[in-house]
Amino acid sequence: WEAAVIRPSDAITVAATVIVLMPVIATAFLPRLAWLSFQVLSIVSALRPPVFEGVPSTHFSLLFALGLIAYRHGTRTAIGVLSGSVAVQLLTAMLPALHGSLLRNMPSFIAMYALSTLLGCSLRWREELFALRLGVQRIRQHNILLQRNARLAQRIHDSVTGELSFIARLAQQQLRSSDTAEWRQVNDSARKALQQVKQVIDTLDRTEQRNRQEPAH
């Protein structure tokens, strides 16, 4: 908004204003490139103060870039750009033309840079914590499903297979004494049902083993 209020007085100021506004506009899309441009502009403006007189300030855009970098990238990158910003400020504060004013304001600059970086990191940490909790919840639900399948397979094995085996043995005993079509059909049906139940149990077991080997997504 400063560009709309501050009217450039000559062509050099207009060119400097355009150069300054380019990284400001790019901050939301390319925060690291914009941050690097701000550091270069800070050094150049300290070396050539008359050229950048009347040019909009990039201070708030720099704070925004620090926060975005800390949010989108890792903690090491955030610490790196924070350290770089402080180093550039210390470097420019050592120049004779700006030695007094910048050196007095250095604690304020460092505090603002640190707060902006910490805000970006805290937002990223919050999202990472939410994703971690969601992953833990999915793993818990996955384990509950595995336990339910295991209990179901055990119940089928203990109750249904036991009854079917008893029926098959009883039919086989009757077939030894009297080989009738009815007992032969009972025996065949019991053995067929027992085989199907075993296939169901094997399927549950294979599913459980596969789910234990694969991580929950």
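That block above? That's the structure.
Before going into details, it helps to say that this report is about the structure given with it. (Residues numbered from 1 in each chain as written. Predicted model: local features only at pLDDT ≥ 70, side-chain atom pairs only at ≥ 80, totals over all residues. Heavy atoms only, no water.)

## Brief notes about the overall build of the chain
For clarity, the cut-off: Under the DSSP-based scheme used, a helix requires at least four consecutive residues in state H or I and a strand at least two consecutive residues in state E, with every element numbered from the N terminus. Exposure classes here rest on a 1.4 Å probe applied to the protein chains alone. A residue is buried below 20% of its type maximum, exposed above 50%, and partly exposed in between. The contact rule is simple, with two residues in contact once any of their heavy atoms fall within 4.5 Å. Here, Shrake-Rupley sampling with a 1.4 Å probe gives the accessible areas, and only protein chains in the shown set may cover a residue.
Regarding its fold elements, the chain presents seven helices and zero strands. Start at the N end of the chain and walk to the C end: the helices and strands fall as α-α-α-α-α-α-α. A burial count over the chain gives 30% of its 217 residues as buried. Sequence separation of at least 24 residues holds for 69% of the intrachain contacts in the chain that already meet a minimum separation of 6. In the structure as shown, the chain presents an accessible area of about 14500 Å², 62% of it carried by carbon and sulfur atoms.

## Digging into the packing of helix H4 (residues 59-72) against helix H5 (residues 75-93)
Cut-off, in case you're wondering: With axes taken as lines fitted to C-alpha atoms, and helix axes fitted only over the stretch in contact, angles between N-to-C directions fall between 0 and 180 degrees. Our angle categories are set so that under 35 degrees counts as roughly parallel, over 145 as roughly antiparallel, 65 to 115 as roughly perpendicular, and the remainder as oblique. Here a crossing is taken to be left-handed if its near helix is turned anticlockwise relative to the far helix by less than a right angle, and right-handed if that turn runs clockwise. All residues other than Ala, Val, Leu, Ile, Met, Phe, Trp, Tyr, Cys, Pro, Asp, Glu, Lys and Arg, Gly among them, are scored as polar; the first ten of these are nonpolar and the last four charged.
Here H4 crosses H5 at 155 degrees, and the two axes come no closer than 8 Å. Considering the angle they form, H4 stands roughly antiparallel to H5. The handedness of the crossing between H4 and H5 is right-handed. Of H5, the residues touching H4 (which contributes Leu62, Leu66, Ile69 and Ala70) are Thr77, Ala78, Val81, Leu82 and Ser85. Its residues assigned to classes, the contact of H4 with H5 comprises seven nonpolar, two polar and no charged.

## Observations concerning the environment of Val24
Here Val24 shows up in helix H2 (residues 11-26). Using a relative accessible area of 27% as the deciding quantity, one classes Val24 as partly exposed. In the structure, Val24 is positioned 38 residues away from Leu62 in sequence and 8.2 Å away in space, judged by C-alpha atoms.

## Comments concerning the environment of Arg169
Among the structural elements, Arg169 can be located in helix H6 (residues 99-177). The spacing of Arg169 and Asn187 is 18 residues in sequence and 7.9 Å in space, taken between C-alpha atoms.

## As for H5
Threshold: The span you would expect from a helix comes to 1.5 Å times its residue count less one.
The end-to-end C-alpha distance of H5 is 27 Å, a good match for the 27 Å that 19 residues give at a rise of 1.5 Å each. Those residues of H5 not exposed but buried are Ala78, Val81, Leu82, Gly84, Ser85, Val86, Val88, Gln89, Thr92 and Ala93.

## As for the nonpolar core
The following threshold applies: Only buried Ala, Val, Leu, Ile, Met, Phe, Trp, Tyr and Cys residues count toward a nonpolar core, and they belong to the same one when joined by side-chain atoms within 4.5 Å.
Of all hydrophobic cores here, the largest spans 13 residues; its most connected members are Trp35, Phe38, Leu62, Leu66, Val81 and Tyr113. Looking at this core, the elements that each hand over two or more residues are helix H3 (31-47), H4, H5 and H6. For this core, the element with the highest residue contribution is H4, accounting for five residues. Setting aside chain neighbours within four positions, we find Val81 in contact with Trp35, Leu66 and Ile69. Counting residues in hydrophobic clusters, the runner-up holds seven residues, among them Ala153, Leu164, Val197 and Ile201.

## Digging into the packing of H3 against H4
It is the contact of H3 with H4, at a shortest axis distance of 9 Å, that shows an interaxial angle of 140 degrees. Where H3 crosses over H4, the two elements pack in a sense that is left-handed. Residue-level inspection shows Pro31, Arg32, Trp35, Phe38 and Gln39 of H3 in contact with H4, the latter providing Ser61, Leu62, Ala65, Leu66, Leu68, Ile69 and Arg72. Counted by class, the contact of H3 with H4 contains eight nonpolar, two polar and two charged residues.

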